[in-house]
Amino acid sequence: MTGQNALLRVGKETSVIAAKKVSHVAVVKPVEAEDRDDHFAVRKGVRCAGVHLIIDLHGACGLDDIDLIEATLRRCVDFAQATLLHIHLHHFHPNGVSGVAVLAESHISIHTWPDAGYAALDVFMCGKADPDACVPVLREAFKAERVEVNEILRGQAI
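In this report, we go over the structure that sits alongside the text. (Residues numbered from 1 in each chain as written. Predicted model: local features only at pLDDT ≥ 70, side-chain atom pairs only at ≥ 80, totals over all residues. Heavy atoms only, no water.)

1. Here's the deal with the pairing of strand E4 (residues 84-91)
Definition in use: Whether two strands pair depends on DSSP finding at least two bridges between them. Secondary structure elements are defined from DSSP: runs of H or I of at least 4 residues count as helices, runs of E of at least 2 residues count as strands, and each element is numbered from the N terminus.
Here seven bridges tie E4 to strand E5 (residues 97-103), and the two strands are oriented antiparallel to one another. Bridge assignment links Ile87 to a residue of E5, and that residue is Ala101. The loop that links E4 with its antiparallel partner E5 comprises five residues; one of these, Gly96, has a positive phi angle of about 110 degrees.

2. Observations concerning the state of the cysteines
Operational definition: Cysteine sulfur atoms are paired as a disulfide whenever they fall within 2.5 Å.
Enumeration according to the criterion identifies zero disulfides in this entry. Looking at the unpaired Cys48, the closest cysteine sulfur is the one in Cys126, lying at 9.4 Å.

3. Brief notes about the side chain of His52
We apply this condition: We call two N or O atoms a polar contact when they sit within 3.5 Å, provided that within protein one can donate a hydrogen and the other can accept it, with sequence-adjacent residues counted only if both atoms are side-chain atoms. It only takes one pair of heavy atoms within 4.5 Å for two residues to be counted as in contact.
Tracing the sequence through the fold places His52 in strand E3 (residues 50-58). For His52, the side chain forms a polar contact with the side chain of Arg154, separated by 2.9 Å. Ignoring anything within four residues of it in the chain, the contact list for His52 reads Asp122, Val123, Phe124, Asn150, Glu151, Ile152 and Arg154.

4. Details of the sheet that holds E3
Paired through backbone hydrogen bonds, the strands of a sheet run either parallel or antiparallel to each other. Let me state the cut-off plainly: For every element, the axis is a line fit to its C-alpha atoms; helices are fit only across the contacting stretch, and the angle between N-to-C directions ranges from 0 to 180 degrees.
With antiparallel pairing, the six strands of this open sheet are ordered in space as E4-E5-E6-E7-E3-E8. At either margin of the open sheet sits one strand with a lone partner, and together these are E4 and strand E8 (146-154). Pairs of neighbouring strands in the sheet enclose a mean axial angle of 10 degrees, with direction left out of account. Where E3 lies against E8, nine bridges are found, and the strand directions are antiparallel. The residue bridging Ile54 from the neighbouring strand is Asn150, located in E8. The strands touched by helix H3 (residues 66-79) within the sheet are E4, E5 and strand E6 (106-113), with E4 carrying the most contacts at an inclination of about 155 degrees. With respect to the sheet, helix H4 (residues 134-141) is in contact with E3, E6, strand E7 (118-125) and E8, its orientation differing from that of E3 by roughly 15 degrees.

5. Description of the pairing of E3
Applicable threshold: Buried residues are those whose accessible area, probed at 1.4 Å on protein chains only, stays under 20% of the maximum for their type, while exposed residues exceed 50% and partly exposed ones sit between those limits.
Most of E3 sits inside the fold, with eight of its nine residues counted as buried. Bridging between E3 and E7 involves seven bridges; their strand directions are antiparallel. By the bridge assignment, Val51 is partnered in E7 with Met125.

As far as function goes, none of this settles anything; it's purely spatial.
Below, the structure written as C-alpha coordinates:
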(Lines give C-alpha, C1' and ligand atoms only; values in the text may rest on other atoms or scores of the structure.)
Protein backbone atom coordinates (compact mmCIF):
# COMPACT_ATOMS: atom_id res chain seq x y z
CA MET A 1 0.00 0.00 0.00
CA THR A 2 1.18 3.51 -0.68
CA GLY A 3 0.15 7.02 0.21
CA GLN A 4 -3.02 7.55 2.25
CA ASN A 5 -3.93 3.83 2.07
CA ALA A 6 -0.72 2.91 3.91
CA LEU A 7 -1.94 4.97 6.85
CA LEU A 8 -5.20 3.04 6.88
CA ARG A 9 -3.89 -0.54 6.69
CA VAL A 10 -4.25 -1.11 10.45
CA GLY A 11 -7.96 -1.79 10.12
CA LYS A 12 -11.47 -0.55 9.62
CA GLU A 13 -11.63 1.34 12.94
CA THR A 14 -8.50 3.28 12.05
CA SER A 15 -9.79 4.13 8.59
CA VAL A 16 -12.99 5.60 10.04
CA ILE A 17 -11.00 7.77 12.44
CA ALA A 18 -8.50 8.78 9.76
CA ALA A 19 -11.28 9.65 7.32
CA LYS A 20 -12.89 11.88 9.92
CA LYS A 21 -9.66 13.69 10.79
CA VAL A 22 -8.01 14.30 7.41
CA SER A 23 -6.64 17.84 7.26
CA HIS A 24 -5.84 19.61 4.06
CA VAL A 25 -2.24 20.36 3.20
CA ALA A 26 -1.47 24.04 2.91
CA VAL A 27 0.49 25.15 -0.11
CA VAL A 28 3.13 27.70 0.81
CA LYS A 29 3.98 30.13 -1.96
CA PRO A 30 7.66 29.92 -2.99
CA VAL A 31 9.82 32.89 -2.07
CA GLU A 32 12.39 34.30 -4.45
CA ALA A 33 15.96 33.49 -3.36
CA GLU A 34 16.90 37.13 -2.80
CA ASP A 35 13.85 37.61 -0.53
CA ARG A 36 14.29 34.37 1.42
CA ASP A 37 15.35 34.47 5.07
CA ASP A 38 17.70 31.75 6.30
CA HIS A 39 15.02 30.95 8.93
CA PHE A 40 17.59 30.56 11.68
CA ALA A 41 16.50 31.57 15.17
CA VAL A 42 18.29 33.71 17.72
CA ARG A 43 17.86 32.73 21.36
CA LYS A 44 19.54 34.76 24.10
CA GLY A 45 21.99 36.06 21.51
CA VAL A 46 22.80 32.59 20.16
CA ARG A 47 22.11 31.92 16.47
CA CYS A 48 20.76 28.42 15.93
CA ALA A 49 18.77 26.36 13.45
CA GLY A 50 15.84 26.34 15.85
CA VAL A 51 14.60 26.15 19.41
CA HIS A 52 13.45 22.69 20.50
CA LEU A 53 11.32 22.48 23.63
CA ILE A 54 10.82 19.08 25.25
CA ILE A 55 7.61 19.44 27.26
CA ASP A 56 6.24 16.95 29.80
CA LEU A 57 2.71 17.42 31.16
CA HIS A 58 1.93 15.67 34.45
CA GLY A 59 -1.47 15.36 36.13
CA ALA A 60 -3.13 16.36 32.87
CA CYS A 61 -6.71 15.71 31.64
CA GLY A 62 -8.34 15.43 28.24
CA LEU A 63 -5.43 13.41 26.86
CA ASP A 64 -7.76 10.95 25.10
CA ASP A 65 -9.88 13.67 23.49
CA ILE A 66 -8.62 13.84 19.90
CA ASP A 67 -10.75 16.91 19.15
CA LEU A 68 -9.31 18.79 22.14
CA ILE A 69 -5.80 17.78 21.12
CA GLU A 70 -6.29 18.99 17.54
CA ALA A 71 -7.80 22.29 18.70
CA THR A 72 -4.94 22.76 21.18
CA LEU A 73 -2.27 22.10 18.55
CA ARG A 74 -3.97 24.66 16.30
CA ARG A 75 -4.01 27.21 19.16
CA CYS A 76 -0.31 26.54 19.79
CA VAL A 77 0.43 27.25 16.13
CA ASP A 78 -1.58 30.48 16.26
CA PHE A 79 -0.03 31.70 19.52
CA ALA A 80 3.49 30.86 18.28
CA GLN A 81 2.77 32.76 15.06
CA ALA A 82 3.82 29.73 13.05
CA THR A 83 2.51 28.39 9.73
CA LEU A 84 0.49 25.17 9.84
CA LEU A 85 1.03 22.83 6.89
CA HIS A 86 -0.67 19.63 8.11
CA ILE A 87 -1.97 17.87 11.22
CA HIS A 88 -2.10 14.10 11.54
CA LEU A 89 -3.41 12.45 14.73
CA HIS A 90 -3.88 8.79 15.58
CA HIS A 91 -6.24 7.62 18.34
CA PHE A 92 -5.06 4.36 19.91
CA HIS A 93 -7.34 1.66 21.32
CA PRO A 94 -8.22 1.60 24.18
CA ASN A 95 -6.80 5.09 24.68
CA GLY A 96 -4.03 7.52 23.91
CA VAL A 97 -3.23 9.83 21.04
CA SER A 98 -0.08 10.42 19.02
CA GLY A 99 0.29 13.01 16.35
CA VAL A 100 2.13 15.82 14.73
CA ALA A 101 1.45 19.30 13.47
CA VAL A 102 3.85 19.88 10.60
CA LEU A 103 4.84 23.52 10.36
CA ALA A 104 6.72 25.59 7.82
CA GLU A 105 8.93 26.34 10.85
CA SER A 106 9.25 22.62 11.84
CA HIS A 107 6.78 20.69 14.04
CA ILE A 108 4.84 20.05 17.24
CA SER A 109 4.44 16.39 18.22
CA ILE A 110 2.36 14.87 21.01
CA HIS A 111 2.11 11.42 22.61
CA THR A 112 -0.39 10.86 25.43
CA TRP A 113 -0.88 8.30 28.19
CA PRO A 114 -4.34 9.25 29.55
CA ASP A 115 -4.34 6.59 32.30
CA ALA A 116 -1.18 8.13 33.74
CA GLY A 117 -2.25 11.76 33.14
CA TYR A 118 0.96 12.22 31.15
CA ALA A 119 1.77 13.74 27.75
CA ALA A 120 5.12 14.15 26.01
CA LEU A 121 5.46 16.94 23.47
CA ASP A 122 8.20 18.23 21.21
CA VAL A 123 7.90 21.80 20.01
CA PHE A 124 10.61 22.61 17.48
CA MET A 125 10.52 25.93 15.65
CA CYS A 126 12.89 28.03 13.63
CA GLY A 127 12.73 31.55 12.30
CA LYS A 128 10.58 34.10 14.09
CA ALA A 129 8.07 31.58 15.49
CA ASP A 130 7.81 31.59 19.30
CA PRO A 131 7.76 28.04 20.74
CA ASP A 132 7.48 29.42 24.31
CA ALA A 133 3.98 30.66 23.49
CA CYS A 134 2.82 27.02 23.37
CA VAL A 135 3.55 26.29 27.04
CA PRO A 136 0.67 28.26 28.62
CA VAL A 137 -1.71 27.03 25.89
CA LEU A 138 -0.83 23.41 26.74
CA ARG A 139 -1.00 23.98 30.51
CA GLU A 140 -4.47 25.53 30.25
CA ALA A 141 -5.97 23.13 27.68
CA PHE A 142 -4.94 19.98 29.54
CA LYS A 143 -5.21 21.44 33.07
CA ALA A 144 -1.73 20.09 33.83
CA GLU A 145 -0.73 20.04 37.49
CA ARG A 146 2.96 20.17 36.55
CA VAL A 147 4.74 21.18 33.35
CA GLU A 148 8.43 20.45 32.76
CA VAL A 149 10.20 22.22 29.90
CA ASN A 150 13.70 21.45 28.63
CA GLU A 151 15.24 23.54 25.88
CA ILE A 152 17.73 22.54 23.21
CA LEU A 153 19.19 25.04 20.75
CA ARG A 154 19.55 22.97 17.60
CA GLY A 155 22.30 23.60 15.04
CA GLN A 156 24.39 26.12 16.94
CA ALA A 157 27.56 25.27 15.01
CA ILE A 158 26.05 25.85 11.56
